[in-house]
Every structure is written in C-alpha cells, then in structure tokens.
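Below are the chains, spelled out letter by letter.
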Amino acid sequence: MKMTHPRVAFWLIPQQPERSRLRQWIDDLAARYDAPAFDPHLTIYSCHRTRQQHELAVLAALARRSAPLRLSVQGLDSGRSLTRSVFLMLQTNRVLARLHDSLHHNVPQPSRYRCDPHISLLYRLLPTPLPGAEAMVADFDLATIRFDELRAVAIPETLQTAQDLIGWQPLLSCRLASGVFADTIIDKTTIANDADARR
C-alpha cells in the first residue's frame with residue numbers, strides 16, 4: 001500500500017442516529033462557509049505511520065475487545081484553528097482513557113498526542129470565532145453520544161492549511177466488540193501477520 005500521508009489518526013465514529021444528525025450539521029456548516037464536509041469523529045490518538053502497518057493490527061485487536069461506549073456532551077464551542085472553528089466538547093471517561101492508553105503503548109511510533117475529546121463540526125480557518133454558531137445547532141438536544149466503531153485514517157503531518165484537508169485515506173474500520181470489519185482496506189491475513197510480528 002502506498003502511503004500518501006505520513007501520520008495515522010485513530011477515530012471513534014458515532015453510532016446511528018447520532019452519526020447522521022452530526023453529519024447533517026457538518027454538511028450545513030460546510031455549505032454555508034465553503035468548507036469541506038467530513039465524517040463526524042472523535043480523534044483518540046495520532047502518530048507517525050509504519051510500513052509494517054502494526055498500528056492497524058493494534059486497532060483491529062483493540063476493537064475486538066472493546067464494547068461500544070457513551071460520552072456526555074458538555075457543550076458547543078468555537079475557536080480560531082482550522083479544525084476547531086465549531087466543535088462539541090465531550091467529557092472523558094475511563095473507557096476512552098483506556099482506548100487512548102492502549103494505542104499509546106502498543107503502536108510502533110511514539111507520540112505525545114493527548115486525547116482532548118471533541119467532535120469538530122467545521123473545518124475552516126476564521127479570523128474570529130464563528131458568529132451564530134450556537135444558533136445553527138440550537139436544536140442539538142443530545143446529552144450523550146454513543147460510539148460503536150474505530151477507524152484509522154492516514155493524514156498529513158500538520159493540519160494548518162486548507163490543502164491539508166484534502167485526500168485523507170481511510171485505512172481500516174472495525175465495529176467495536178463485533179469482530180466484523182466495516183471497511184477493510186488490508187485483509188485479515190495481513191493483520192494477523194502484523195500481529196504475529198509484534199509478539
């Protein structure tokens with residue numbers, strides 16, 4: 001597999017119907033502010049990739065032994081960074097901390113990434129916090145968001161310009177605790193061989 005981006009991000013993907021509702025808000029904001037649309041997600045870890053793809057074997061094993069989880073929504077906020085123009089703040093819990101720690105200790109490449117749980121709703125660099133952001137999602141009535149999928153995505157070294165948001169490459173998606181691969185980019189034999197190589 002050709003590596004188009006040097007880093008891998010590990011995402012938690014919301015369960016339905018939360019996933020569709022969040023995607024609708026993302027699409028609405030993207031259309032209004034000429035920004036890219038993307039799948040709603042919570043980044044739990046990020047590090048440099050390896051050619052052996054050990055990180056994908058770790059992701060698959062982690063999904064098989066992890067149940068779906070639920071996180072509390074703390075509120076909506078806006079900021080001045082490319083990937084945090086508008087975002088939902090979530091409260092961490094022990095399960096999320098365990099997922100982060102497991103990736104931190106088991107992927108081949110070390111990283112200082114600290115899990116700050118949030119779901120971005122807009123990728124757009126703005127000079128000031130987005131006016132009217134709260135009004136646009138005023139009907140957001142979810143006290144919690146459920147997550148039932150882990151996904152690995154290849155991303156650029158930095159996320160500082162609009163160009164950095166283009167061409168992200170999904171690598172692998174796994175349902176939590178189901179043992180079923182949602183979108184398999186590498187086959188199970190490759191994953192098994194990578195897992196054996198780590199022993």
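Structure shown above.
Participant: Would you explain unusual backbone geometry in this entry?
Facilitator: For residues other than glycine, phi is negative in most cases, and the peptide bonds are mostly trans. Each neighbour pair has its own omega, and for Gln16 with Pro17 the value is 5 degrees, a cis peptide bond. By the element assignment, Pro17 lies in the loop between strand E1 (7–14) and helix H1 (18–33). At Asp34, a residue that is not glycine, the phi angle is positive and equals roughly 55 degrees. In this structure Asp34 comes out as exposed when scored by relative accessible area, which is 67%.

Participant: What is the right way to read the pattern of salt bridges from this model?
Facilitator: Once their charged atoms are close, side chains differing in charge can pair, the charge on each being opposite to the other. Summed over the entire model, instances satisfying the criterion amount to twelve salt bridges. Residue Asp116 pairs with Arg84 through a salt bridge whose shortest N-O separation is 2.9 Å. Placement of the pair is Asp116 in the loop between helix H3 (94–106) and strand E5 (118–122) and Arg84 in the loop between strand E3 (69–78) and strand E4 (86–90), with a sequence separation of 32 residues.

Participant: Even after reading the chapter, I still don't get the pairing of strand E2 (residues 42–48), so can you show me in this structure?
Facilitator: The side chains of a regular strand alternate between the sheet's two faces. Counted residue by residue, E2 has six buried out of seven residues, so it is predominantly covered. Note that E1 and E2 share six bridges and pair antiparallel. Opposite Val8, over in E2, you have Cys47 as the bridge partner.

Participant: What should I look at first to understand the packing of aromatic side chains in this one?
Facilitator: Remark: the centre distance and the inter-plane angle together describe each pair of aromatic rings, the angle taken between the planes. For the coordinates displayed, the defined rule picks out five aromatic pairs. Pairing Tyr123 with Trp168 gives two aromatic rings, centres 6.0 Å apart and planes at 50 degrees, and the pair type is tilted. Taken as a pair, Tyr123 in the loop between E5 and helix H4 (133–136) and Trp168 in the loop between strand E6 (144–155) and strand E7 (169–175) lie far apart in primary sequence, 45 residues in all. A relative accessible area of 18% places Trp168 in the buried class. Of the aromatic side chains, those joined through ring pairs into one cluster are Trp11, Phe38, Tyr123 and Trp168. Stacked on the ring of Phe87, the Lys or Arg Arg84 has its end atom at 5.3 Å from the ring centre.

Participant: Help me understand the pairing of E4, please; the structure alone is not making it clear to me.
Facilitator: Within E4, four of the five residues are buried, which leaves it mostly tucked inside the rest of the structure. Both E4 and E5 contribute to a ladder of four bridges, which runs antiparallel. Of the residues in E5, the one forming a bridge with Leu88 is Ile119.

Participant: Would you take a moment to explain the environment of Pro108 for this structure?
Facilitator: Checked against the element boundaries, Pro108 lands in the loop between H3 and E5. Judged by its relative accessible area of 32%, Pro108 falls in the partly exposed class. The spacing of Pro108 and His54 is 54 residues in sequence and 6.6 Å in space, taken between C-alpha atoms.

Participant: Which parts of the structure should I look at to understand helix H2 (residues 54–64)?
Facilitator: For an α-helix the count is 3.6 residues per turn, leaving residues at separations of three or four pointing the same way. Counting buried positions over the eleven residues of H2 gives nine, a clear majority of the element. Along H2, the positions that sit buried rather than exposed are His54, Glu55, Leu56, Ala57, Val58, Leu59, Ala60, Leu62 and Ala63.

Participant: Would you take a moment to explain the nonpolar core for this structure?
Facilitator: Proteins that are soluble and globular tend to have nonpolar side chains buried together. Membership of the largest hydrophobic core comes to 55 residues, with the highest contact counts inside it found for Phe10, Leu12, Leu42, Ile44, Ile119, Ile145 and Phe147. Excluding residues within four positions of it along the chain, Leu12 makes contact with His41, Leu42, Ile44, Leu69, Leu96, Leu99, Phe147, Glu149, Leu150 and Leu176.

Conventions used here
- Residues numbered from 1 in each chain as written.
- Predicted model: local features only at pLDDT ≥ 70, side-chain atom pairs only at ≥ 80, totals over all residues.
- Heavy atoms only, no water.
- Helix = DSSP H or I, 4+ residues; strand = E, 2+ residues; numbered from the N terminus.
- Buried < 20%, exposed > 50% of the residue type's maximum accessible area, 1.4 Å probe, protein only.
- Salt bridge = Lys/Arg side-chain N within 4 Å of Asp/Glu carboxyl O.
- Pairing = 2+ DSSP bridges.
- Phe/Tyr/Trp six-rings, centres within 6.5 Å; stacked < 30°, edge-to-face > 60°.
- Lys NZ or Arg CZ within 6 Å of the ring centre and 35° of its normal.
- Core = buried A, V, L, I, M, F, W, Y, C linked by side-chain atoms within 4.5 Å.
- Contact = heavy atoms within 4.5 Å.

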